[in-house]
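# Structure assessment
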Amino acid sequence: MKTLLPLIFAALSASSAAAAGPAPKVHDLASTFATVFDRNAGKPEGAFIQDFKETVATRFPGFYGIARFHGQRTQAQYDAALANAYAEFPAMREAYVRKVERFAGELPGHIASFRATFPDYPATTDVWFLHSLGEMDGGTRTIDGKVYFIFGADAMVKYHGEGDEAAFFHHELFHDYHDMGCPRDKRPVWTSLWAEGLATYVAKRMHPDADNSQLLLDVPRNLVADTRRQLGRAFDDLHAKLESEDALAKAGLFQGRGDSTGLPARRGYYLGYLVAEEIGKRMSLQQMAKLRCEAAHTAVVDAVDKLRAASASGKVAGM
């Protein structure tokens, strides 16, 4: 495992020419997690937790600390997540190591193929590759006012297995590329709907044969089918929440925990895909990606209105 970090940098360097542009700097903490686990295997969990905090957490304290949760996570809860990661790791270790090795070889190629569709993608945001303690497979986090681009090897193993991850990578690369220019201190539901829906739509357009699992549309299981069974009510609910900044409204639409509506958790990803698909009837991927905040808002609201009306009569297409 100690050789994986130089392998990652070598792979990225060797592939930068093929990617037709700069490659991001990769901070590899994923392999370091495995190293820390291995030297503490069989010891009490406290030994692992202390070693992890000294060896891994100090390299990315903003992520591996509780300050970013603004009081919603205690130190005891954080330590419990570490203990759980320690307990679960033996069962996933082999798959985790393979995931780390594949990441080194595959990221540059995914960047190159992404640039074939979006040639102006700079790929200059540092990538943090780590064990996320179950938090995420990929995406961005804003920590102390700075946006970080993060891939979680543990969640990639849990949710992706050994399958083709190209659509996943392109979904996440699109997030790094996409900036609609909306104020960062004001993020109503419609902005998340557009960001996630468009990233999903881009991944599907780039990978027409990708299934719902590869498109991140199968968590929870049968998300698409369960949402389509209540599509009219789902769009009514979405329409009422488009301008909301309520955390619970966002959680029900975009996070794994459900809400009081009885509608599927994370349904916003699929509803957002349908919105992007509707807008895509008159715009190219490149045009959609360049919509600025006001124009994107107008397009999203118009598409939701159309889809809401169509779902009432059972005429919404889509997967």
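As shown above, the structure is provided for reference.
Counting restarts for each chain, with residues numbered from 1 along the sequence as it is written. With the structure being a predicted model, the display of local features is reserved for residues of pLDDT at least 70 and the display and counting of side-chain atom pairs for 80 or more, all residues being used for whole-chain, interface and lining totals. Water and hydrogen atoms were dropped before computing side-chain values, which therefore reflect all heavy atoms in the structure.

### With respect to the overall build of the protein
What counts here: In this text, helices come from DSSP runs of H or I with a minimum length of four residues, and strands from runs of E with a minimum of two, each type numbered from the N-terminal end. Note on method: radius of gyration uses C-alpha positions; expected globular size equals 2.2 Å times residues raised to 0.38. Only protein chains enter the accessibility calculation, which uses a 1.4 Å probe; a residue whose area is less than 20% of its type maximum is buried, one above 50% is exposed, and one in between is partly exposed. The contact criterion used is simple: two residues touch if any of their non-hydrogen atoms lie within 4.5 Å. Each accessible area is a Shrake-Rupley estimate made with a 1.4 Å probe; only the visible protein chains count as cover when residues are assessed.
Each helix and strand counted, the protein has 13 helices and four strands in total. Here the C-alpha radius of gyration of the protein, 20 Å, is about what a compact globule of 319 residues would show, namely 20 Å. By its C-alpha atoms, the protein is 60 × 45 × 35 Å across when sized along the principal axes. When each of the 319 residues of the protein is scored for burial, the buried share is 52%. Intrachain contacts of the protein at a sequence separation of at least 6 include 70% that bridge at least 24 residues. Counting every atom, the protein has about 14,200 Å² of accessible surface; 52% of that belongs to carbon and sulfur.

### Observations concerning the packing of aromatic side chains
Heads up, the rule is: For Phe, Tyr and Trp, where Trp contributes only its six-membered ring, two rings pair if their centres lie within 6.5 Å, and the inter-plane angle classes them as stacked under 30 degrees, edge-to-face over 60, or tilted in between. Two thresholds decide whether a charge sits over a ring: the Lys NZ or Arg CZ must be within 6 Å of the ring centre and within 35 degrees of the ring normal.
In this structure the tally under the stated criterion is 32 aromatic pairs. When the ring centre of Phe63 is taken as origin, the NZ or CZ atom of Arg68, which lies over that ring, is 4.3 Å away. Here Arg266 stacks its cationic end above the ring of Tyr269, 4.1 Å away from the centre of that ring.

### Description of helix α10 (residues 247-254)
The element α10 is extensively covered by neighbouring structure, given that six of its eight residues are classed as buried. Burial in α10 covers these residues: Ala249, Lys250, Ala251, Gly252, Leu253 and Phe254. Looking at the buried residues of α10, the elements they touch are α7 (189-206), α9 (231-241) and α11 (267-279).

### Concerning the pairing of strand β2 (residues 127-130)
For clarity, the cut-off: Pairing between strands is defined by DSSP: at least two bridges between the two strands are required.
Side chains Val127 and Phe129 of β2 all project onto a buried face; the interleaved residues Trp128 and Leu130 project onto the opposite face, where all are buried too. Relative to β2, strand β1 (residues 26-28) is paired through three bridges, and the arrangement is parallel. Note on β2: the bridge partner recorded for Val26 is Val127. Here β2 pairs with strand β4 (residues 146-152) via four bridges, running parallel. From the neighbouring strand, Phe129 faces β4, where its bridge partner is Phe151.

### Concerning the nonpolar core
Put simply, the test is: Here, the term nonpolar core denotes a set of buried Ala, Val, Leu, Ile, Met, Phe, Trp, Tyr and Cys residues that are joined through side-chain atoms within 4.5 Å.
Formed by 101 residues in total, the largest nonpolar core has its most connected members in Phe52, Phe60, Tyr64, Tyr96 and Trp194. Of the residues forming this core, the biggest block, 14 residues, is contributed by helix α4 (residues 75-117). If near-sequence neighbours (up to four positions away) are discounted, Phe52 is found in contact with Phe33, Val36, Ala57, Tyr64, Tyr78 and Leu82.

### Side note on the sheet that holds β4
Rules: What counts as an axis is a line fitted to C-alpha atoms, over the stretch in contact for a helix, and the angles between N-to-C directions run from 0 to 180 degrees.
Strand order in this open sheet of four strands is β1-β2-β4-β3, and the pairing throughout is mixed. Two strands in the sheet have a free side with no partner beyond their single neighbour: β1 and β3 (138-143). Shown here is a sheet whose adjacent strand axes are inclined to one another by a mean of 30 degrees, direction ignored. Helix α5 (residues 153-160) rests against β2 and β4 of the sheet, and its axis sits at about 50 degrees to β4. Packed on one face of the sheet, helix α6 (residues 166-177) meets β3 and β4 and runs near 175 degrees to β4.

### Thoughts on the side chain of His131
Looking at the secondary structure, you find His131 in the loop between β2 and β3. Excluding residues that lie within four positions of it along the chain, His131 makes contacts with Ala30, Phe33, Tyr64, Ala85, Phe89, Tyr96 and Asp154.

### Details of the environment of Glu101
With respect to the element layout, Glu101 can be found in helix α4. Expressed as a C-alpha distance, the spacing of Glu101 and Val301, which sit 200 residues apart in the sequence, is 43 Å.

### Thoughts on the pairing of β3
Note that β3 and β4 share six bridges and pair antiparallel. Counted as the bridge partner of Gly139 is Ile150 from β4. Hairpin connection of β3 to β4: two residues between the antiparallel strands, including Asp144 at a positive phi of 55 degrees.

### Observations concerning the side chain of Asp218
This is how the line gets drawn: Within 3.5 Å is the distance limit for a polar contact, defined as a pair of N or O atoms, with the added protein rule that one can donate a hydrogen and the other accept it, and that residues adjacent in sequence qualify only through two side-chain atoms.
Along the chain, Asp218 turns up in the loop between α7 and α8 (223-228). Residue Asp218 is classed as buried on the basis of its relative accessible area, which comes to 16%. A polar contact of 2.6 Å, which involves the side chain of Asp218, links it to the side chain of Arg221. Polar side-chain contacts of Asp218 include one of 2.9 Å to the backbone nitrogen of Asn222. Apart from residues lying up to four places away in sequence, Asp218 is in contact with Asn212, Ser213 and Leu223.

### Thoughts on the pattern of salt bridges
Defined as follows: By definition here, a salt bridge exists when the distance from a side-chain nitrogen of Lys or Arg to a carboxyl oxygen of Asp or Glu is within 4 Å.
All told, the structure shown has 20 salt bridges when counted by the stated rule. Here Lys186 makes a salt bridge to Glu245, at a shortest N to O gap of 3.0 Å. Here the residue Lys186 occupies a position in the loop between α6 and α7, and Glu245 occupies one in the loop between α9 and α10, the gap between them amounting to 59 residues. Between Asp237 and Arg267 there is a salt bridge, with its nearest N and O atoms 3.0 Å apart. On the criterion of sequence distance, the pair formed by Asp237 in helix α9 and Arg267 in helix α11 is long-range, its members being 30 residues apart.

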